[in-house]
Each structure stands twice: as C-alpha cells, then as structure tokens.
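Letter by letter, the chains look like this.
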Amino acid sequence: MSVTDKLAARLPISRGTTKPVVAVVKLHGVITPSPSPLAARGTININTVEQALVKAFDHERLKAVALAINSPGGAPTQSALVSERIRELADRKKVPVIAFCEDVAASGGYWLACAADEIYAHSSSLVGSIGVVTAGFGLNGLLERFGVERRVYTAGPHKVRLDPFQQEKDEDVEWLKGLQAQLHEQFVSWVKARRGDRLVGEDLFTGEVWTGAKAKEIGLVDGVGNLRAVLSARYPEAEISVAEPKRPLLARLGIGGAAQSLLTAIEQRALWSRYGL
C-alpha cells in the first residue's frame, strides 16, 4: 500500500461531512503519449490523467490539491499539456497545489512538479534533470548482413532524418541538437517562471540530478518532507480524497501489439534505470 493509500485509509471521507477536503492525484510512471500494457509502473499523459484531475478539483469544500509524483520523465509535450491543465484547474478553483516528489521527479517529472505552488521532496528523492535527451540505435549494415534491401522514397530532402538503418549524417545530428536546444529553452523558461527567485545558483539547467535535501538548498523544492506529514500538519481537520489515473482499457486487458509493447516497455524501463530504479 502506497503512502497516499495509507493516508486515505486513515482519513476516509464520509457522506454528509462538512469537513474540508484535500485531493491527492497520483502521477506515477513514464510520461508518454503511447501507454504500454507491459508498463509495470503506469504511464502519464493528458488523456490518462484528465479524469483524475477534474475529479480532484471538483470537490465543493476543496482546500488544496496535492500531486504525488513519481516519474523519470518522458515526452516534453505531454509534460507541458498535463502541467498546463493543472494550472488551468487551479486558477479556476483558486486553490493551492502542492507537489510531493517520491522516488524520482526528474526531467518531465520535475516539469510536472513545477505546476504546483509548492514542492516538497523526501531527503533521498531524486530531483531535477532539467535537460533534454534523445536515444536510439545505429543499425546501418544490419540489413545488408542478412541480404535485406531497405527502400525509402520521399518528396522533400529532409523528410527522413536519423534513420537507424542509414549512416548517420552530421547535418541531421545538428538539426536534432537544434530541436533539443529549443525544447531545453522552453523547459528552463517554465522552471524559472514557476520557481522565480527561489532558485539559487547558475548550474541548475545542465541536466544534473540532486537529492531532495540538495534540491532544497538550491531552490528546486521548498521543503523536505513527505505527503502524509506535510498534509496532516497543514490541514489537520481535512479529509483526504485520492484520485488515481486509470490505465487505458487495452493496457488493463494486456492487449496490444506484442513486439511494439515490448519495445515500449524496454524504453520505459531504461528511463527508470537512469536513476537506479
């Protein structure tokens, strides 16, 4: 049983109560537009979290919304879409949002955390990784080895770039780096806009990862603590309502292209492995 589940069990909601409510939204997993039925830790995207977010912000006696984040990152666009939706709902309801970093809130996971007004982390949490990464394989020569000829036809000289079955081109690498630089700039701008003068130091945007204790020193988080302790101290009379995004139907049934699902699961496992998880 997770921390949020234990907290919900300790403070159940009873019908007819007039007590204030703190809603907790679990944001656990890799951030990707393509959930895999083989993803053991779940996935995050605007479609999977929409219902949970709306439910969380819909309580009549809502005092605050807490985000329980455990994510190594993933797709930048989905990170931005989910974060923007959180801010839209928070501004509409005029309630504070508090993020709690669990094992890891890195890269896109930290992007999500910055949607909150305050961020807390455990002293051992892994936080940060404000950067952009692209990974792949070079398979040129593999097809020839097995006597297979690859045929690609395009209209437009740049329609196909960084094809893993073709020799890497310097101009394509430069193009990719240019895209990464643009995305990195958007990430940095978001963090600066949300954290403001709480940030300390100049080397915060190199892709480095810090523990929660160090993240507090440099302003990436506001405090060291866990969800149960912080919410119990700040809202002692509040009841807790946990909203967890549902897994897509095909993922729950284990249905999907086996090969593609396996590859996606391997990629997602690699994201977690970067942080020793």
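Each remark here, short or long, concerns the structure printed above.
Here is a short report on the structure shown in this document. Quantities reported herein were computed from a predicted structural model and do not represent experimental measurements.

## Observations regarding the overall build of the protein chain
Then, number 1: When helices and strands are tallied, the protein chain shows 10 helices and 10 strands.
Then, number 2: Classification of the 277 residues of the protein chain by burial places 42% in the buried group.
Then, number 3: The long-range share in the protein chain, meaning contacts at least 24 apart out of those at least 6 apart in sequence, stands at 76%.
Then, number 4: For the protein chain, the exposed area adds up to about 15,100 Å²; of that, 52% sits on carbon and sulfur atoms.

## Re a negative patch on the surface
Then, number 1: Judged by side-chain charge, Glu168, Asp170, Glu171 and Glu174 come together as a negatively charged surface patch.
Then, number 2: Summarising the element assignment, Glu171 is placed in helix α6 (residues 170-195).

## Focus on the pattern of salt bridges
Then, number 1: According to the stated counting rule, one finds 11 salt bridges in the structure shown.
Then, number 2: For Asp222, the salt bridge is made with Arg195, and the minimal N-O distance between the two is 2.9 Å. With Asp222 in the loop between α7 (212-217) and β9 (223-224) and Arg195 in helix α6, this residue pair connects regions lying 27 residues apart in the sequence.
Then, number 3: The exposure class of Asp222 is partly exposed, given its relative accessible area of 24%.
Then, number 4: Among the charged side chains, a network of salt bridges with common partners joins Glu50, Arg85, Glu88 and Arg92.

## Remarks on the nonpolar core
Then, number 1: The biggest cluster of nonpolar side chains holds 48 residues, and the ones touching the most others in it are Leu27, Phe57, Leu67, Ile86, Tyr110 and Leu220.
Then, number 2: For this core, the secondary-structure elements that each account for two or more residues are β1 (21-28), α2 (46-56), β4 (62-71), α3 (76-93), β5 (97-106), α4 (108-113), β6 (118-121) and α6.
Then, number 3: For this core, the element with the most residues is α3, which contributes 5 residues.
Then, number 4: By size, the runner-up hydrophobic cluster in this structure holds 14 residues, among which are Val24, Phe100, Tyr120 and Leu227.

## Some points on the packing of aromatic side chains
Then, number 1: This structure, assessed with the given rule, holds 2 aromatic pairs.
Then, number 2: Plain terms: the ring middles of Phe100 and Tyr120 are 5.7 Å apart, the flat faces sit at 20° to each other, and that makes the pair stacked. Taken as a pair, Phe100 in strand β5 and Tyr120 in strand β6 lie far apart in primary sequence, 20 residues in all.
Then, number 3: By relative accessible area, Phe100 is classed as buried at 2%.

## A closer look at the environment of Ala90
Then, number 1: Considering the arrangement of structural elements, one finds Ala90 in helix α3.
Then, number 2: Apart from residues no more than four positions distant in its own chain, Ala90 is found in contact with Phe57, Val95 and Val97.

## Regarding helix α8 (residues 227-234)
Then, number 1: Along α8, the residues that are buried comprise Leu227, Val230 and Leu231. For α8, the arc enclosing every buried residue in end-on projection is 90°, short of the 170-degree limit, so these residues lie on one face.

## Notes on a nonpolar patch on the surface
Then, number 1: The grouping of Leu142, Phe146 and Val148 at the surface amounts to a nonpolar patch, some 280 Å² of accessible area in total.
Then, number 2: With respect to the helices, strands and loops of the structure, Val148 is situated in the loop between α5 (142-145) and α6.
Then, number 3: Overall, Val148 belongs to the partly exposed group, its relative accessible area being 43%.

## Considerations on the packing of α2 against α3
Then, number 1: The interhelical angle for the contact between α2 and α3, taken along N-to-C directions, is 15°, at an axis separation of 10 Å. With respect to each other, α2 and α3 are oriented roughly parallel. Read as a crossing pair, α2 and α3 show a hand that is right-handed. In contact with Ile46, Val49, Glu50, Leu53 and Val54 of α2, α3 contributes Gln78, Leu81, Val82, Arg85, Ile86 and Leu89.
Then, number 2: Split into classes, the residues belonging to the contact of α2 with α3 amount to 8 nonpolar, 1 polar and 2 charged.

Conventions and cut-offs
- Residues numbered from 1 in each chain as written.
- Predicted model: local features only at pLDDT ≥ 70, side-chain atom pairs only at ≥ 80, totals over all residues.
- Heavy atoms only, no water.
- Helix = DSSP H or I, 4+ residues; strand = E, 2+ residues; numbered from the N terminus.
- Buried < 20%, exposed > 50% of the residue type's maximum accessible area, 1.4 Å probe, protein only.
- Contact = heavy atoms within 4.5 Å.
- Areas by Shrake-Rupley, 256 points an atom, 1.4 Å probe, with all protein chains shown as cover.
- Patch = residues over 30% accessible without salt bridge, like charges linked within 9 Å, V, L, I, M, F, W, Y side chains within 5 Å.
- Salt bridge = Lys/Arg side-chain N within 4 Å of Asp/Glu carboxyl O.
- Lys, Arg positive; Asp, Glu negative; His and termini not counted.
- Charge placed at Lys NZ, Arg CZ, Asp CG, Glu CD.
- Core = buried A, V, L, I, M, F, W, Y, C linked by side-chain atoms within 4.5 Å.
- Phe/Tyr/Trp six-rings, centres within 6.5 Å; stacked < 30°, edge-to-face > 60°.
- Arc of directions from axis to C-beta.
- Axes fitted to C-alpha atoms, helices over the stretch in contact; angles between N-to-C directions.
- Parallel < 35°, antiparallel > 145°, perpendicular 65-115°, else oblique.
- Left-handed = near helix turned anticlockwise from the far one by under 90°.
- Nonpolar A, V, L, I, M, F, W, Y, C, P; charged D, E, K, R; others polar.

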